[in-house]
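Chains, contacts and geometry: an overview
Letter by letter, the chains look like this.
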Amino acid sequence: MYPQFEIFWITVYSFGLALSISFVLFFWMLYKLSLKFWINTNFFLNNIFFYFITIFILSRLFYVISEWRDFKYILNEWYKNFFVMTDYNFSLIWWIIWFFLVLYFKIKKFKLKSEKYIDAAVLAFLFAAIIWYIGTFLWWQIIGKPTDLWIWVTYTNTFSKSPYSWAVFPLAILYSIFSFILFTWLYITRIFIKIEWFIGYIWMIIFSSLLLIFEFFNWNPDIFSSYVILNITQLGAIGLIIFASLWLSKIYKKESES
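Below: a short report on this structure. (Residues numbered from 1 in each chain as written. Predicted model: local features only at pLDDT ≥ 70, side-chain atom pairs only at ≥ 80, totals over all residues. Heavy atoms only, no water.)

Of the volumes computed, that of the largest pocket is approximately 670 Å³. Around the largest pocket sit 30 residues that line it, and Tyr63, Glu67, Gln141, Asn218 and Asn220 are the ones nearest its centre. The element best represented in the lining of the largest pocket is helix α7 (residues 114–138), accounting for three residues. Classifying every residue of the lining of the largest pocket by side-chain character gives 15 nonpolar, nine polar and six charged. Taken as a whole, the second largest pocket encloses approximately 480 Å³ of empty space. Those elements that place two or more of their residues in the lining of the second largest pocket are α1 (14–36), α3 (48–66), α6 (92–109) and α7. When the residues that make up the lining of the second largest pocket are grouped by side-chain class, the tally is 17 nonpolar, three polar and no charged. (1 Å grid on protein atoms, 1.4 Å probe; cavity = no way out; pocket = protein on both sides within 12 Å on 5 of 7 lines; lining within 4 Å. Points joined across faces, edges and corners; volume = space filled by probe spheres on them. Helix = DSSP H or I, 4+ residues; strand = E, 2+ residues; numbered from the N terminus. Nonpolar A, V, L, I, M, F, W, Y, C, P; charged D, E, K, R; others polar.)

For the rest of this paragraph, the subject is α6. Here α6 spans 26 Å end to end across 18 residues, near enough to the 26 Å set by a 1.5 Å rise per residue. Listed in full, the buried residues belonging to α6 are Leu92, Ile93, Trp94, Ile96, Ile97, Phe99, Phe100, Val102, Leu103, Lys106 and Ile107. Check the buried side of α6 and you find it contacts α1, α2 (42–45), α3, α7, α9 (198–214) and α11 (232–257). (Expected span 1.5 Å × (residues − 1). Buried < 20%, exposed > 50% of the residue type's maximum accessible area, 1.4 Å probe, protein only. Contact = heavy atoms within 4.5 Å.)

Time to look at the packing of α6 against α11. The N-to-C vectors of α6 and α11 enclose an angle of 30 degrees; their axes lie 8 Å apart at closest approach. On the basis of the axis angle, α6 is roughly parallel to α11. Contact residues: α6 offers Ile93, Trp94, Ile96 and Ile97, while α11 offers Ile232, Thr233, Gly236, Ala237 and Leu240. Here the residues of the contact of α6 with α11 are counted per class, giving seven nonpolar, two polar and no charged. (Axes fitted to C-alpha atoms, helices over the stretch in contact; angles between N-to-C directions. Parallel < 35°, antiparallel > 145°, perpendicular 65-115°, else oblique.)

Structure follows, in structure tokens:
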């Protein structure tokens, strides 16, 4: 596709641009939803740097672990190789998991009601993911396997690093479309259904299920898929499904008894 292009003789890298836009959109939507859900906006805005640094380190760490065969060199001058990259190599699922872990501990620290914070966070994530996934498509971060299906794309740009020059499954584009559909549906649902936990945990189950299924179309096997068939994204997705299902059952049981 188009990993880089020029504007007035300035080289712009598509994924870096998409990542920056997504980051801004994520916190902008968090701010808007905080006002809508009666959340103290400072809870998120005052912790942007802390969230960014924590998630950057941990999502990068788990990516390195999953791609250890290619990243053994990181042991040499790890402080430089870990933080200075020539590519945008992060684990999305662990970005999500660690964000919610940090969010959970922050909520517990201030003794807040967690449900509406989770609802706001997942909607903001889906809103930002629409652009983020488009960036991964343009930059080759997420590439599908070769396919004979009626839905496909080809990478023909000179700068593209796709290993295939023929039709492949448009995985990143589908993720972007699913993010848009889920955001729209869940946002409208949240307007009419005032149950604060519903959006957050339902999103975890649906989005994680999509990752669990469609990651089988990802061309890039990691060290986990070599041993247990499932890659690190799918393993994290299973963890989120179990977590959300346990919380849903716990809440349902509590509501039934009241």
